[in-house]
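Reading the structure
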Amino acid sequence: MNWTWFHKLGSPKWFYGISGKLLPWLSVAAVLLIGIGLVWGLAFAPPDYQQGNSFRIIYIHVPAAMLAQSCYVLLAVCGIVGLVWKMKLADVALQCAAPIGAWMTAVALVTGAIWGKPTWGSWWVWDARLTSMLILLFLYFGLIALGNAISNRDSAAKACAVLAIVGVINIPIIKYSVEWWNTLHQGATFTLTEKPAMPVEMWAPLLLMVLGFYCFFGAVLLLRMRLEVLKREARTSWVKAEVQTSLGARG
Amino acid sequence: MNPLRRKRLLIILAILAGVGIAVGLAMSALRENINLFYTPTQIANGEAPLDTRIRAGGMVEQGSLKRSGDSLDVTFVVTDFNKAVTITYRGILPDLFREGQGIVALGKLNADGVVVADEVLAKHDEKYMPPEVTKALKDSGQSAPGANPQPAKEG
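Residues numbered from 1 in each chain as written. Chains lettered and ligands numbered in written order. Predicted model: local features only at pLDDT ≥ 70, side-chain atom pairs only at ≥ 80, totals over all residues. Heavy atoms only, no water.

Here we look at the side chain of glutamine 186 of chain A
Looking at the element boundaries, glutamine 186 of chain A is found in the loop between helix H7 (170–180) and helix H8 (200–232). Beyond its immediate chain neighbours, meaning those up to four positions away, glutamine 186 of chain A contacts Trp115, Trp120 and Val178 of chain A together with His124, Asp125, Glu126 and Tyr128 of chain B. (Helix = DSSP H or I, 4+ residues; strand = E, 2+ residues; numbered from the N terminus. Contact = heavy atoms within 4.5 Å.)

Re the pattern of salt bridges
Scanning the model with the defined rule gives six salt bridges over all chains in all. Across the pair arginine 53 of chain B and glutamate 119 of chain B runs a salt bridge whose closest N-O atoms are separated by 3.9 Å. Taken as a pair, arginine 53 of chain B in strand S1 (residues 53–60) and glutamate 119 of chain B in strand S6 (residues 114–123) lie far apart in primary sequence, 66 residues in all. Residue arginine 53 of chain B is classed as partly exposed on the basis of its relative accessible area of 49%. Its relative accessible area of 28% is what places glutamate 119 of chain B among the partly exposed residues. Arginine 90 of chain B is the partner of aspartate 73 of chain B in a salt bridge, and the nearest nitrogen-oxygen pair spans 2.7 Å. With aspartate 73 of chain B in strand S3 (residues 73–79) and arginine 90 of chain B in strand S4 (residues 84–90), this residue pair connects regions lying 17 residues apart in the sequence. Within this structure, Asp91, Arg153, Glu228 and Arg232 of chain A form a network of salt bridges that share partners. (Salt bridge = Lys/Arg side-chain N within 4 Å of Asp/Glu carboxyl O. Buried < 20%, exposed > 50% of the residue type's maximum accessible area, 1.4 Å probe, protein only.)

What about the UniProt feature "binding site: heme" (unreviewed entry) in chain B?
According to UniProt, the feature "binding site: heme" (unreviewed entry) maps to His124 and Tyr128 of chain B in the numbering used here. With respect to the element layout, histidine 124 of chain B can be found in the loop between S6 and helix H4 (131–139). Among the residues examined, histidine 124 of chain B registers a relative accessible area of 3% and is labelled buried. If sequence neighbours within four positions are ignored, histidine 124 of chain B has contacts with Gln51, Trp115, Thr119, Trp120 and Gln186 of chain A together with Leu96 and Gln101 of chain B. (UniProt positions renumbered as here; feature names shortened; annotations may be inferred.)

As for helix H3 (residues 58–85) of chain A
Residues and elements named next belong to chain A. For H3, with 28 residues, the first-to-last C-alpha span of 39 Å sits near the 40 Å given by 1.5 Å per residue. In terms of residue burial, H3 counts as a mostly covered element, since 21 of its 28 residues are buried. The first or second residue beyond H3 is lysine 86, which carries a positive phi of 55°. (Expected span 1.5 Å × (residues − 1).)

Some points on the pairing of strand S5 (residues 102–109) of chain B
All names here are of chain B. Among the eight residues in S5, seven count as buried, and that is most of the element. Strand direction decides the pairing type here: S5 and S6, joined by eight bridges, are antiparallel. If you follow glycine 107 over to S6, its bridge partner there is alanine 117. Where S5 folds back onto S6 in an antiparallel hairpin, the turn is made up of four residues, including glycine 113, whose phi is positive at roughly 80°. (Pairing = 2+ DSSP bridges.)

A few points about unusual backbone geometry
A negative phi holds for most residues other than glycine; trans holds for most peptide bonds. Residues and elements named next belong to chain B. With a phi angle near 60°, aspartate 51 is a residue other than glycine that sits in the positive phi range. Note that aspartate 51 resides in the loop between helix H3 (40–44) and S1. With a phi close to 65°, phenylalanine 81 is a non-glycine residue in the positive phi region. Structurally, the position occupied by phenylalanine 81 is in the loop between S3 and S4.

Here's the deal with the interface of chain B and chain A
On the chain A side, the residues contacting the 42 residues of chain B number 47 residues. Around 3900 Å² of area is buried between chain B and chain A when both sides are counted, 62% of it from carbon and sulfur atoms. The interface formed by chain B and chain A contains zero salt bridges. Connecting chain B to chain A are five residue pairs in polar contact (both at pLDDT 80 or more). For the side of chain B that touches chain A, the elements supplying multiple residues, two or more each, are helix H1 (3–29), helix H2 (31–34), S6 and H4 of chain B. In terms of residues, the side of chain B that touches chain A owes the most to one element, H1 of chain B, which gives nine residues. For the side of chain B that touches chain A, a count of residues per class yields 22 nonpolar, eight polar and twelve charged. (Buried area = accessible area lost by both parts, 1.4 Å probe. Polar contact = N/O pair within 3.5 Å; in protein donor to acceptor, adjacent residues only side chain to side chain. Nonpolar A, V, L, I, M, F, W, Y, C, P; charged D, E, K, R; others polar.)

So, the UniProt feature "domain: Cytochrome c assembly protein" (unreviewed entry) in chain A
Sites flagged by UniProt as "domain: Cytochrome c assembly protein" (unreviewed entry) map to residues 15–185 of chain A. Secondary structure within residues 15–185 of chain A divides into 81% helix and 0% strand; the distance between the first and last C-alpha atoms comes to 41 Å.

Topic: the state of the cysteines
All names here are of chain A. Inspection of the entire model under this criterion finds zero disulfides over all chains. Cysteine 78 provides the cysteine sulfur closest to cysteine 71, a residue in no disulfide bond, and the two sulfurs are 8.9 Å apart. Take cysteine 71: its relative accessible area is 1%, and that puts it in the buried class. No disulfide involves cysteine 160; its nearest neighbouring cysteine sulfur is the one of cysteine 78, lying 12 Å away. Relative accessible area serves as the criterion here: at 0%, cysteine 160 is assigned to the buried category. (Disulfide = S-S within 2.5 Å.)

Some points on the packing of helix H4 (residues 88–120) of chain A against H8 of chain A
Residues and elements named next belong to chain A. Running from N to C, H4 and H8 point in directions that differ by 135°, and their axes come no closer than 9 Å. The orientation of H4 relative to H8 falls into the category oblique. Both H4 and H8 take part in a crossing whose hand is right-handed. Here H4 contributes Lys88, Leu89, Asp91, Val92, Ala93, Gln95, Cys96, Ala97, Pro99, Ile100 and Met104 to the contact with H8, which in turn contributes Phe213, Phe216, Phe217, Val220, Leu221, Arg224, Met225, Glu228, Val229 and Arg232. Taken together, the residues of the contact of H4 with H8 break down into 15 nonpolar, one polar and five charged. (Axes fitted to C-alpha atoms, helices over the stretch in contact; angles between N-to-C directions. Parallel < 35°, antiparallel > 145°, perpendicular 65-115°, else oblique. Left-handed = near helix turned anticlockwise from the far one by under 90°.)

As for the pairing of S6 of chain B
All names here are of chain B. When you tally the buried positions in S6, you get seven out of ten residues, the bulk of the element. Summarising the sheet, S4 and S6 pair through four bridges and their orientation is parallel. Across the sheet, tyrosine 89 pairs through a bridge with alanine 117, a residue of S6.

A word on the packing of aromatic side chains
Residue and element names in this part refer to chain A. Throughout the structure, instances matching the rule amount to eight aromatic pairs over all chains. On the basis of an interplanar angle of 25° and a centroid distance of 5.6 Å, the ring pair of tyrosine 176 and tryptophan 180 is categorised as stacked. Here tyrosine 176 pairs with tryptophan 180, and both are found in helix H7, just four residues apart, close to one helical turn. Since its relative accessible area comes to 33%, tyrosine 176 is described here as partly exposed. Given a relative accessible area of 35%, tryptophan 180 falls into the partly exposed group. It is lysine 175 that lies over the ring of tyrosine 176; its NZ or CZ is 5.2 Å from the centre. Between arginine 226 and the ring centre of tyrosine 16, over which it is positioned, the NZ or CZ distance is 4.1 Å. (Phe/Tyr/Trp six-rings, centres within 6.5 Å; stacked < 30°, edge-to-face > 60°. Lys NZ or Arg CZ within 6 Å of the ring centre and 35° of its normal.)

Following this line, the structure appears as structure tokens:
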């Protein structure tokens, strides 16, 4: 197998160039998808027959929760790439994605609590889904703290990569918690194999929101990574040239 | 892939598998404790301890809800379509509480096999539907899928 494309991906300069081209597309897509999805979901989608309008928080809750978990899987993949191929960009991605994932987890937990009060009658219960999601939040906190606590960049990268990889065990636990145990949280509405237990006028805005959240995540991640790459590579000639051109373009 | 990288990858995968098995064993050992609630079958089999605060969950049986005329006392039967358990509660029930709906009640099991609840939580399922669809389904003689008597998920 030819691995050159893969190693090219690890070059900060190449990444900086390609991400600069991707960024506007992702940002525009995120704004459009989230804008349309939000208005459609919150104003035009029909209310639920049992929960009425309070079910509409699903349009924030579900995308945030999906992203929180996907982001952690991304961290684990970055961890493996960083440990096995010693790719510096993997560490950049790991450090930059962790705070976004933590925010998404927090959003999922808070919207879940707001949703839980009117439907279940309680802000919080210690059921398997909620608890494993809280553990995910603590894993994110641990990663962020670990990355900042160790001043040597290489040691910090290694430690974070190990924590990210070990913590990924939590992801299948979150995913299947509603099937393995009796929980108050309902099962998955969407599966890859079956038709969603929701009519199309309800899930279409949700799909837009999910795609929009992923585009938003991609755009924010690229922004943060580009800044981090510039910081870390500040002494190289290509960064100096890049800064010179952007300064020149402005003034 | 060069041998060094292959070795590192294998070590990482081995560690991941090891941690996975360890967590899996711990989870299966804790399995009963992680369940949020006891099902009526478990209570009938005597698995739930007496006089300690437990949670009981299941579907509210159709036609079993009895309200007291002069207080907030309610009595209802919760079933998993196998065994049933009676629950008494004093207080305001959540909006989603209705017959045929899944609930979780927190309270003590007394010697008569009745759960005296001090908190009732409504469980809702993963199905969502506009009200017009439910009405149309009802009119055509079918019950709404969401309101179908369907056993609460068992562990």
